[in-house]
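Overview (structure and organization)
Listed below, chain by chain, are the residues.
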Amino acid sequence: MRANFALPVDMADQIEQILVSLHRMAEAECVMLADISGQLISVHGGLEEGDPALVAALAAGDVAAMVELSRQIGEESPSCSLLHEGKHKSIYMHNVANGFVLLVVYGSGTLVGMVRLFAGRAVEKLEALAVEFEELVDQPGAPASVDFGAALADELEKAFGEF
Amino acid sequence: MFINWKLREINLKIVYYGPALSGKTTNLQYIHAKTNPNIRGEMVSLKTRGDRTIYFDFLQLELGQIAGLKPRFNLYTVPGQVYYVGSRKLVLQGADGVVFVADSQWNRMKANVDMIRNMEHNLREMGHTQNGIPLVLQCNKRDLPAIAPVKLIRHQLGCNGAPCFESMATQGEGVFDTLKAIINLVVNQAQQHI
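Figured I'd write up the structure that's included with this text.

Cut-offs and rules
- Residues numbered from 1 in each chain as written.
- Chains lettered and ligands numbered in written order.
- Predicted model: local features only at pLDDT ≥ 70, side-chain atom pairs only at ≥ 80, totals over all residues.
- Heavy atoms only, no water.
- Helix = DSSP H or I, 4+ residues; strand = E, 2+ residues; numbered from the N terminus.
- Buried < 20%, exposed > 50% of the residue type's maximum accessible area, 1.4 Å probe, protein only.
- Contact = heavy atoms within 4.5 Å.
- Areas by Shrake-Rupley, 256 points an atom, 1.4 Å probe, with all protein chains shown as cover.
- Lys, Arg positive; Asp, Glu negative; His and termini not counted.
- Charge placed at Lys NZ, Arg CZ, Asp CG, Glu CD.
- Buried area = accessible area lost by both parts, 1.4 Å probe.
- Salt bridge = Lys/Arg side-chain N within 4 Å of Asp/Glu carboxyl O.
- Polar contact = N/O pair within 3.5 Å; in protein donor to acceptor, adjacent residues only side chain to side chain.
- Nonpolar A, V, L, I, M, F, W, Y, C, P; charged D, E, K, R; others polar.
- Pairing = 2+ DSSP bridges.
- Axes fitted to C-alpha atoms, helices over the stretch in contact; angles between N-to-C directions.
- Parallel < 35°, antiparallel > 145°, perpendicular 65-115°, else oblique.
- Left-handed = near helix turned anticlockwise from the far one by under 90°.

1. Describing the overall build of chain B
Each helix and strand counted, chain B has 5 helices and 8 strands in total. Oriented by its inertia axes, the alpha-carbon framework of chain B measures out at about 50 × 35 × 30 Å. When burial is assessed residue by residue, chain B has 59% of its 194 residues classed as buried. Nonlocal contacts in chain B, meaning residues at least 24 apart in sequence, comprise 68% of its contacts between residues at least 6 apart. If you sum the accessible surface of chain B, you get close to 7900 Å²; carbon and sulfur atoms cover 50% of it. For chain B, the centre of its 22 positive side-chain charges and the centre of its 14 negative side-chain charges are spaced 2 Å apart.

Here it is, written out as structure tokens:
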């Protein structure tokens with residue numbers, strides 16, 4: 001189970017490059033990577049409407065449910081993709097290394113075949129990165145220079161103190 | 001917990017767990033209604049036609065920069081109905097902390113106990129050790145007539161060590177105390193990774 005992890009800057013850059021390339025090659029509107037618990041890791045492009053954090057949470061739930069559905073019907077491979085074809089906007093999702101979700105939002109002028117092709121290539125690259133990523137799980141980061149917890153408690157009082 | 005050092009963001013996931021109709025969604029609705037729109041996102045609820053949670057509710061809170069990091073709290077609820085056991089497990093994945101919302105009514109004691117055992121089972125399956133995940137107990141519906149004493153609820157649920165708050169979520173009482181407590185616990189545990 002993935003617990004705590006910190007994404008170093010160099011790895012964030014590599015992920016961004018993969019997403020930028022996918023965004024351009026597939027002529028997508030927005031591409032994003034989330035982890036299977038719904039945490040948004042990286043996003044490139046924009047959504048005309050909608051909050052990427054919310055989309056990531058829903059996508060992760062959807063893919064996790066589909067992986068489990070596949071298992072229930074006897075499919076052994078954890079690899080899973082989902083496609084929603086809308087009238088104006090469509091969504092393609094693919095799990096990555098069974099711990100992450102790649103999501104592509106594209107418009108009606110984009111060919112689904114292009115999205116599948118370039119998303120497949122992006123998944124291969126991301127799966128290679130995921131191996132390195134897994135090694136970062138539960139690795140402590142650099143110690144904070146100030147007491148983050150105390151500072152946060154003050155901020156919480158400011159935000160919610162009146163209730 | 002997920003820290004993105006490039007964006008200087010820290011993401012934490014908090015799950016509201018509990019039996020059906022205990023008030024999990026009401027907690028999030030109150031937080032959403034009373035929080036400054038500048039620090040919260042849209043709340044989404046995946047419901048049945050009967051207005052019951054079928055998958056989860058989701059709300060993101062984003063505080064300003066603290067010690068150079070921007071904290072984001074992703075709040076989820078699980079569906080409480082017994083047969084959504086698979087959905088609860090999915091939502092619990094990657095949780096950094098849990099609020100167990102207990103229904104204080106006498107006739108819901110068994111449902112509370114069954115659900116916390118289900119939660120413990122799911123957490124164990126995910127590799128959490130006992131007491132390994134921050135937990136806050138919220139005894140909700142304290143305004144109703146036939147309710148059990150808080151001490152008894154804590155004892156029956158085996159939550160004697162966890163912070164406990166009495167609440168009336170429909171009126172907001174205890175909602176933000178619970179939220180602050182779980183955030184502080186989660187952040188204290190995460191602090192070693194920051």
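2. A look at the interface of chain B and chain A
At the interface, 47 residues of chain B touch 48 residues of chain A. Across the chain B to chain A interface the summed buried area is about 4000 Å²; carbon plus sulfur atoms make up 65%. Inspection of the chain B/chain A interface yields 2 salt bridges. Here B:Lys6 makes a salt bridge to A:Glu16, at a shortest N to O gap of 2.9 Å. In this structure, the connection of chain B to chain A is made through 8 residue pairs in polar contact (both at pLDDT 80 or more). Top contributing element to the side of chain B that touches chain A by residue count: helix 5 (residues 175–190) of chain B, with 7 residues. Counted by class, the side of chain B that touches chain A contains 27 nonpolar, 14 polar and 6 charged residues. Strand direction decides the pairing type here: strand 1 (residues 5–7) of chain A and strand 1 (residues 2–4) of chain B, joined by 3 bridges, are parallel. Pairing of A:Phe5 across the sheet is with B:Phe2, part of strand 1 of chain B.

3. Considerations on the packing of helix 4 (residues 148–160) of chain A against helix 5 of chain B
When two helices pack together, their arrangement is given by the angle between the helix axes and by the axis-to-axis distance. The interhelical angle for the contact between helix 4 of chain A and helix 5 of chain B, taken along N-to-C directions, is 165°, at an axis separation of 10 Å. With respect to their mutual orientation, helix 4 of chain A and helix 5 of chain B come out roughly antiparallel. For the crossing formed where helix 4 of chain A meets helix 5 of chain B, the hand is right-handed. Mapping the contact onto sequence places A:Phe148, A:Gly149, A:Leu152, A:Ala153, A:Leu156, A:Glu157 and A:Phe160 in helix 4 of chain A and B:Phe176, B:Leu179, B:Lys180, B:Ile183, B:Asn184, B:Val187 and B:Asn188 in helix 5 of chain B. Tallied by class, residues from the contact of helix 4 of chain A with helix 5 of chain B come to 9 nonpolar, 3 polar and 2 charged.

4. Digging into the pattern of salt bridges
Taken as a whole and assessed by the stated rule, the structure comprises 14 salt bridges over all chains. Ionic pairing is found between A:Glu48 and A:Lys89, a salt bridge with its closest N-O pair at 3.1 Å. Remark: A:Lys89 occurs in strand 5 (residues 89–96) and A:Glu48 occurs in the loop between strand 3 (40–45) and helix 2 (52–72); sequence separation between them is 41 residues. The partly exposed category is assigned to A:Lys89, whose relative accessible area is 32%. One salt-bridge network, held together by shared partners, links B:Glu9, B:Glu62, B:Lys70 and B:Arg72.

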